[in-house]
Amino acid sequence: MQIELRQLRYFVAVAEELHFGRAASRLHMTQPPLSQAIQSLEAELGAALFHRTTRHIQLSAAGLVLLPEAKRLLAQAELLPEIAQRAAAGAIGELRLAFVSIADYSILPPALRSFRRDFDKVKIALHEATSDKQFDLLENDEIDAGLLIPPIPDRLQHLLHYRKLANENLILALPEGTEKRRHPEKISSYKDLPLILFPRKIAPALHDTILGCFREAGLTPVIAQEAIQMQTIIALVSANMGMALVPESVANLQRTGVHYQTLDLHPAMQNCVELGIAWRRDSTSPVVQAFLDLLEE
């Protein structure tokens, strides 16, 4: 079936005017080609759309049913240029975004608010995942971008772009009451407390930086528990299982029984927690580019 939008426009004009001459004038054409176009449409549909007499015409049963559908199709067709332009600008589509838990306490909420305000027609599929898991998801093209902790593994350097977004200091998360010590800003004041930490494979650079803070203080921590998610680590601190070194934005996660303590860190250890975004080099998604532009702003 080869029905053209032009034929539907002709049909609607005739159906509304119920007169071929007036419809032809409205369409800025002569009557014979208009009549031929309607006859061709009826042949394609296999049904008469009008009852014709020498004096007047009226819509057939098929024409009455087709009229609202034809108007709907024509209205949708008029929207196609706008839809295409919005899609090309990243205003329509889907963003599959993964994020590490610390992003949820810092850059993710304001970024999503701004993006939703400007791109309310984009569907956002969020996926919380550790950095190591995000690298696998990016490699398999299961997400479009990831808010994660660097570095990018060597095996993926050719595949991924990376942009730094923020740096943070480390702070102590302490069981409530243990902060009341002589020098609360020094790690050495809490050398009797075991450390709660995440496995190194999740974020090797941050893991090594945390242990480096203890080495700088001349301490070797006893790791009491390991946990993957930051909220789990804070829950273990609340349960008096030990202390943790966490990015300062985690202080936004208020938990009963937890005290957050700033640290007197060596200059080399300051602003040592980096958070950035990674995406595939071969990405051509306007939605991803729109999100990157927003983060740049």
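Residues numbered from 1 in each chain as written. Predicted model: local features only at pLDDT ≥ 70, side-chain atom pairs only at ≥ 80, totals over all residues. Heavy atoms only, no water.

A.B. asks: Would you mind going over the overall build of the protein chain with me for this structure?
C.D. replies: The helix and strand inventory of the protein chain stands at 9 helices and 12 strands. Taken against the 2.2 N^0.38 rule, which gives 19 Å for 297 residues, the C-alpha radius of gyration of the protein chain at 32 Å runs more than 25% over that of a compact globule. Across its three principal axes, the protein chain shows a C-alpha extent of roughly 105 × 40 × 30 Å. Buried residues in the protein chain amount to 44% of all 297 residues. Intrachain contacts of the protein chain at a sequence separation of at least 6 include 70% that bridge at least 24 residues. A total of about 15700 Å² of accessible surface is found on the protein chain, and carbon and sulfur atoms cover 51% of it. Distance between charge centres in the protein chain, computed from 30 positive and 35 negative side chains, equals 4 Å. (Helix = DSSP H or I, 4+ residues; strand = E, 2+ residues; numbered from the N terminus. Rg over C-alpha atoms; globule rule 2.2 N^0.38 Å. Buried < 20%, exposed > 50% of the residue type's maximum accessible area, 1.4 Å probe, protein only. Contact = heavy atoms within 4.5 Å. Areas by Shrake-Rupley, 256 points an atom, 1.4 Å probe, with all protein chains shown as cover. Lys, Arg positive; Asp, Glu negative; His and termini not counted. Charge placed at Lys NZ, Arg CZ, Asp CG, Glu CD.)

A.B. asks: Explanation requested: the pairing of strand E3 (residues 93-99) in the structure shown.
C.D. replies: Bridge count for E3 against strand E4 (residues 122-128) is 7 bridges, and the pairing is parallel. From the neighbouring strand, leucine 97 faces E4, where its bridge partner is leucine 126. Between the parallel pair E3 and E4, the chain is carried across by helix H5 (residues 108-118), and the sense of this crossover is right-handed. In this structure, E3 lies alongside strand E5 (residues 145-148), joined through 3 bridges in parallel fashion. Across the sheet, phenylalanine 99 pairs through a bridge with leucine 147, a residue of E5. (Pairing = 2+ DSSP bridges. Right-handed = clockwise from strand over helix to strand, strands pointing away.)

A.B. asks: Help me understand the packing of helix H1 (residues 5-17) against helix H3 (residues 31-45), please; the structure alone is not making it clear to me.
C.D. replies: For any two helices packed against each other, one specifies the crossing angle of their axes together with the interaxial distance. Packing of H1 against H3 leaves a shortest axis separation of 9 Å and a crossing angle of 110 degrees. Relative to H3, the element H1 lies roughly perpendicular. When H1 is examined against H3, the residues Arg6, Gln7, Tyr10, Phe11 and Val14 are found in contact with a partner set consisting of Leu34, Ala37, Ile38, Ser40 and Leu41. Counted by class, the contact of H1 with H3 contains 7 nonpolar, 2 polar and 1 charged residues. (Axes fitted to C-alpha atoms, helices over the stretch in contact; angles between N-to-C directions. Parallel < 35°, antiparallel > 145°, perpendicular 65-115°, else oblique. Nonpolar A, V, L, I, M, F, W, Y, C, P; charged D, E, K, R; others polar.)

A.B. asks: Is there a simple way to explain the packing of aromatic side chains in this structure?
C.D. replies: What characterises a pair of aromatic rings is the spacing of the ring centres plus the angle enclosed by the ring planes. Counted by the stated rule, this structure contains 4 aromatic pairs. Pairing phenylalanine 115 with phenylalanine 291 gives two aromatic rings, centres 5.3 Å apart and planes at 85 degrees, and the pair type is edge-to-face. You can see phenylalanine 115 sitting in helix H5 and its partner phenylalanine 291 sitting in helix H9 (residues 286-296), a full 176 residues away along the chain. Assessed through its relative accessible area of 1%, phenylalanine 291 is described here as buried. The rings of Phe11, Phe20 and Phe50 are connected pair by pair, giving a single aromatic cluster. (Phe/Tyr/Trp six-rings, centres within 6.5 Å; stacked < 30°, edge-to-face > 60°.)

A.B. asks: What am I meant to see in the sheet that holds strand E10 (residues 244-247) here?
C.D. replies: Sheets are built from strands that pair by backbone hydrogen bonding, the pairs being arranged parallel or antiparallel. The sheet built from 3 strands is open, its strands ordered E10-E7-E11 with antiparallel pairing. Two strands lie at the open edges of the sheet, namely E10 and strand E11 (258-261), each paired on one side alone. Here the average twist between neighbouring strands, direction ignored, is 35 degrees. With 4 bridges joining them, strand E7 (residues 170-175) and E10 adopt antiparallel strand pairing.

A.B. asks: What should I look at first to understand empty space enclosed by the protein in this one?
C.D. replies: Where empty space is left can be seen by rolling a probe of water-molecule size over the atoms. Tallying each qualifying case throughout the model produces 1 cavity of 30 Å³ or more. Quantified by volume, the largest cavity comes out at close to 140 Å³. For the largest cavity, the lining is made up of 16 residues, of which Val100, Ser101, Ile149, Ile202 and Ile228 are closest to its centre. A breakdown of the residues in the lining of the largest cavity according to their chemical character gives 11 nonpolar, 4 polar and 1 charged. (1 Å grid on protein atoms, 1.4 Å probe; cavity = no way out; pocket = protein on both sides within 12 Å on 5 of 7 lines; lining within 4 Å. Points joined across faces, edges and corners; volume = space filled by probe spheres on them.)

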